Amino acid sequence: MTETTQKKATGHVPVADGAAPVEAAAPAEIPVVDIGPLLDGSDPMTPARQIHAAFRDVGFMYIKNHGISEAERQGMLDRAAEFFALPDAVKQALHIERSGRTLRGYIPLSAENLDPGVNVDLKEAYDLGAEEPDADLPFFGANPWPEGWEDGKREVLAYHDKMVRLTRQLFRGVALGLGLDADHFAPILRHPITVLRLQHYPPQEPDPEPGTTGCGAHTDYGSLTILGQDGIGGLQVRAKSGAWIDVPPLPGTFIVNIGDLMEVLTNGIYTATLHRVINTHGLRRYS
């Protein structure tokens, strides 16, 4: 869960490393859903029906009017760039393998390969969650932080909390779209496992070696993913036709997709969709 860089009222998305902005348009297969009426309660059924159609038909959607400010969105991208610019020794000291069953921390370049039979993932990540140092459960506990990163820690935790609240609202929309009570999923969201992942994709050549992409083809294993990209782009989704379609960042939106757990929760009404990242722009990409 991170944020998308945007420019208001221009229709352009700025990109990293000083590159020129690019025009962004939603692919026809992936709808843009205004969730404002869901959040404020003015007309929750309209976005609920649109959420249902998006998850039933493609498994992905853009959301707008989500209540996350541009400053917060850009702040997480800035923190991601700041973290991944730290010396390798500092990041390695926060390695996820040191966290035990909490599973928080740094994942080095190419240490996680989501399509390992055919692909090497050229990305590094930093996984964080709710700060619960006294928890005695798998996936819960304390986060490993860089020394002196107090401002970053405060911003990341505040952002995480807002995204969890947004996720709860999206679950209400999912429930309504399925014809259920809005609070149908509330019992399983009392103490959810959540991950805020900062990611960095180093530059790749326009014609990379076979089997090397930013992120190999995969489905997410959780229930909902809320994705923010910088202006580089590179996300691709496998359409029902079998073709890979580009899913560029759009100003003021997040991309939301379902994972394998949502298939279970909905008895297969929704199915997770394969997606990947191809970062061949020659620029650093953050999400």
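Look a little higher up for the structure.
Everything numeric here is computed off the predicted structure, so don't read it as measured data.

Rules behind the numbers
Residues numbered from 1 in each chain as written. Predicted model: local features only at pLDDT ≥ 70, side-chain atom pairs only at ≥ 80, totals over all residues. Heavy atoms only, no water. Core = buried A, V, L, I, M, F, W, Y, C linked by side-chain atoms within 4.5 Å. Buried < 20%, exposed > 50% of the residue type's maximum accessible area, 1.4 Å probe, protein only. Helix = DSSP H or I, 4+ residues; strand = E, 2+ residues; numbered from the N terminus. Contact = heavy atoms within 4.5 Å. Phe/Tyr/Trp six-rings, centres within 6.5 Å; stacked < 30°, edge-to-face > 60°. Lys NZ or Arg CZ within 6 Å of the ring centre and 35° of its normal. Polar contact = N/O pair within 3.5 Å; in protein donor to acceptor, adjacent residues only side chain to side chain. Pairing = 2+ DSSP bridges. Axes fitted to C-alpha atoms, helices over the stretch in contact; angles between N-to-C directions.

Caption draft 1: Highlighting the nonpolar core. If you look at the biggest cluster of nonpolar residues, it comprises 44 residues, and the most contacted ones within it are Phe55, Met61, Tyr126, Leu166 and Leu170. Broken down by element, this core gets its largest block of residues, 10 residues, from helix α5 (residues 150-177). With near-sequence residues (within four places) excluded, leucine 166 lies in contact with Ile35, Leu39, Ile63, His66, Ile68, Ile226 and Phe254. Grouped together as the second largest cluster of nonpolar side chains are 15 residues, Ile30, Phe60, Val237 and Leu250 included.

Caption draft 2: Structural view of the packing of aromatic side chains. Tallying each qualifying case throughout the model produces eight aromatic pairs. Put simply, the rings of Phe83, Phe84, Tyr106, Tyr126, Trp145 and Trp149 pair up and form one aromatic cluster. Across from the ring centre of tryptophan 244, 4.1 Å away, lies the NZ or CZ of arginine 276, which sits over that ring.

Caption draft 3: Quick look at the side chain of histidine 160. Mapping histidine 160 onto the fold places it in helix α5. The buried category is assigned to histidine 160, whose relative accessible area is 3%. A polar atom in the side chain of histidine 160 sits 3.4 Å from the side chain of aspartate 161.

Caption draft 4: Spatial organisation of the sheet that holds strand β13 (residues 244-246). Overall, antiparallel pairing links the four strands, which are arranged β10-β15-β12-β13 in an open sheet. The sheet is open, and its two edges are formed by β10 (215-218) and β13, each paired on a single side. Across the sheet, the mean angle separating the axes of adjacent strands is 20° when strand polarity is ignored. As paired elements, strand β12 (residues 235-238) and strand β15 (residues 275-277) share three bridges and run antiparallel to each other. Paired with glutamine 236 across the strands is arginine 276, a residue of β15.

Note that every value here comes from positions in space, so none of it alone points to a role or purpose.
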